[in-house]
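So the chains spell out like this:
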Amino acid sequence: MGRLDGRTVLITGAARGIGAACARRLAADGARLVLADLDPGVEKVAAELEQLAVRADVTRRQDIERMVDEPYRRWGRLDVLFNNAGVIRLQPMLDVTEEEWDRVMTVNLRAVFFVLQAVSRRMLQQGLMPGSELRGKLIQTASIASYRGGNHLLTPYSASKAGVVSLTRSAAQALAGERITSNCVCPGAVETAMWEQIDQEWGALEGLGAGEAWKRRIRGIPLGRPERPEDVANVVAFLAGPDSDYMTGQALNVDGGLVMGN
Ligand SMILES: NC(=O)c1ccc[n+]([C@@H]2O[C@H](COP(=O)([O-])OP(=O)(O)OC[C@H]3O[C@@H](n4cnc5c(N)ncnc54)[C@H](O)[C@@H]3O)[C@@H](O)[C@H]2O)c1
């Protein structure tokens, strides 16, 4: 028996990185998954895991509706949302343009909110999860950048992730009476394509060679190794499963101690 046997989960940003690692872990725990991404790679991940794929851009209203309809069409309910898709761009604070600000905010904050809202409206119409006192669970991916804000090269990104922590708490308050919980994970420096991009952009801005920014970043991790997507997946599996049913409105750092370390 898996911890998540029969539980239905929608994961956004599931084509690679943290989303794909969570898909693998939740599938291994017995969950039924709808995997959503605008990248066609999501179909490969879904085929590997024998789960469902939806090509969707979370910034588009019609795509959100189509993506959220999928688990209801197939299974008549959605137990867990993992609201994870995100983008980044490094720029000195004084160079940030309105276009870049809008792009990051539109994916990382606006879309996260409207996905959460669309799912919550549907969850309100369904009964309790089998064997649970809850109707559903919402999980967002924020970041330790939401607290640190320290790196001025990440100004819009950090603000967007602080917003994700905030709306996680608003949803927790709004929906607790309806037996829907809302929590988020705050990863640190995770080995994914996003960090390859950070390494490149940071390197270009500060004249560092390939891999140098990454080396600098991971040097400060108290637990002494880079974070893997699977480290985040372990905590998402806990938030998706029954052991976290009495938690809501929380932001959990999964960062090897990075946020306190330097
Ligand atoms: N990698 C890190 O160090 C780190 C740290 C903290 C938080 N995070 C957050 O974790 C989440 C996942 O990041 P990752 O490291 O796996 O990055 P990633 O770039 O490897 O994966 C992000 C996925 O989101 C998808 N995506 C982007 N925009 C989308 C859109 N409009 N519609 C649908 N899908 C879209 C991409 O296609 C990609 O598959 C993001 O929210 C990111 O901000 C990452």
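A brief structural summary. (Residues numbered from 1 in each chain as written. Predicted model: local features only at pLDDT ≥ 70, side-chain atom pairs only at ≥ 80, totals over all residues. Heavy atoms only, no water.)

**Structural notes on the site of the ligand**
In the vicinity of the ligand, 30 residues are found, and the nearest of them are Asp-37, Asn-84, Tyr-157, Val-190 and Thr-192. Between the ligand and Asn-84 there is a distance of 2.8 Å, counted from an oxygen atom to a backbone nitrogen or oxygen. Between an oxygen atom of the ligand and a main-chain N or O atom of Val-190, the distance comes to 2.8 Å. Burial of the ligand by the protein chains amounts to 95% of its free accessible area of 830 Å². Placement of the ligand is best described as lying within the largest pocket. Elements with a contribution of two residues or more to the shell around the ligand: α1 (17-28), α6 (155-175) and α7 (193-206). Counting residues per element, the shell around the ligand draws most heavily on α7, at three residues. Taken together, the residues of the shell around the ligand break down into 16 nonpolar, nine polar and five charged. Structurally, the shell around the ligand is a two-domain feature, drawing no fewer than three residues from each of domain 1 (8-188 + 228-245) and domain 2 (189-226). (Near = heavy atom within 4 Å. Polar contact = N/O pair within 3.5 Å; in protein donor to acceptor, adjacent residues only side chain to side chain. Areas by Shrake-Rupley, 256 points an atom, 1.4 Å probe, with all protein chains shown as cover. 1 Å grid on protein atoms, 1.4 Å probe; cavity = no way out; pocket = protein on both sides within 12 Å on 5 of 7 lines; lining within 4 Å. Sits in = over half its atoms within 2 Å of the grid points. Helix = DSSP H or I, 4+ residues; strand = E, 2+ residues; numbered from the N terminus. Nonpolar A, V, L, I, M, F, W, Y, C, P; charged D, E, K, R; others polar. Domains from an automatic or database assignment.)

**What about the sheet that holds strand β2 (residues 32-37)?**
Taking strand neighbours across the sheet as the criterion, the seven strands line up as β3-β2-β1-β4-β5-β6-β7 in an open arrangement whose pairing is parallel. This sheet does not close on itself; its edge strands, each paired only once, are β3 (52-55) and β7 (251-254). Pairs of neighbouring strands in the sheet enclose a mean axial angle of 20°, with direction left out of account. With three bridges connecting them, strand β1 (residues 8-12) and strand β4 (residues 80-83) associate as parallel partners. Note on β4: the bridge partner recorded for Ile-11 is Phe-82. Along the sheet, helix α2 (residues 41-49) contacts β2 and β3; its crossing angle with β3, the most-contacted strand, is approximately 170°. Against the sheet, helix α3 (residues 61-75) touches β1, β2 and β3, its axis set at about 155° to β3. (Pairing = 2+ DSSP bridges. Axes fitted to C-alpha atoms, helices over the stretch in contact; angles between N-to-C directions. Contact = heavy atoms within 4.5 Å.)

**Observations regarding the pairing of strand β5 (residues 136-141)**
Burial within β5 is extensive, with six of its six residues counted as buried. Because side chains alternate across β5, one face comprises the buried residues Gly-136, Leu-138 and Gln-140, and the other comprises Lys-137, Ile-139 and Thr-141, equally buried. Summarising the sheet, β4 and β5 pair through four bridges and their orientation is parallel. What sits directly across from Leu-81, in β5, is Leu-138. Between the parallel elements β4 and β5, the chain passes through helix α4 (residues 98-123) in a crossover that is right-handed. When β5 meets strand β6 (residues 180-187), the two strands line up parallel, connected through six bridges. Looking across to β6, one finds that Leu-138 is bridged to Ser-182. (Buried < 20%, exposed > 50% of the residue type's maximum accessible area, 1.4 Å probe, protein only. Right-handed = clockwise from strand over helix to strand, strands pointing away.)

**A few points about the environment of Leu-154**
Note that Leu-154 resides in the loop between α5 (145-148) and α6. Put simply, Leu-154 and Gly-127 are 27 residues apart on the chain and 41 Å apart in space, counted from C-alpha to C-alpha. Dropping the residues within four chain positions of it, Leu-154 is found in contact with Ile-88 and Leu-90.

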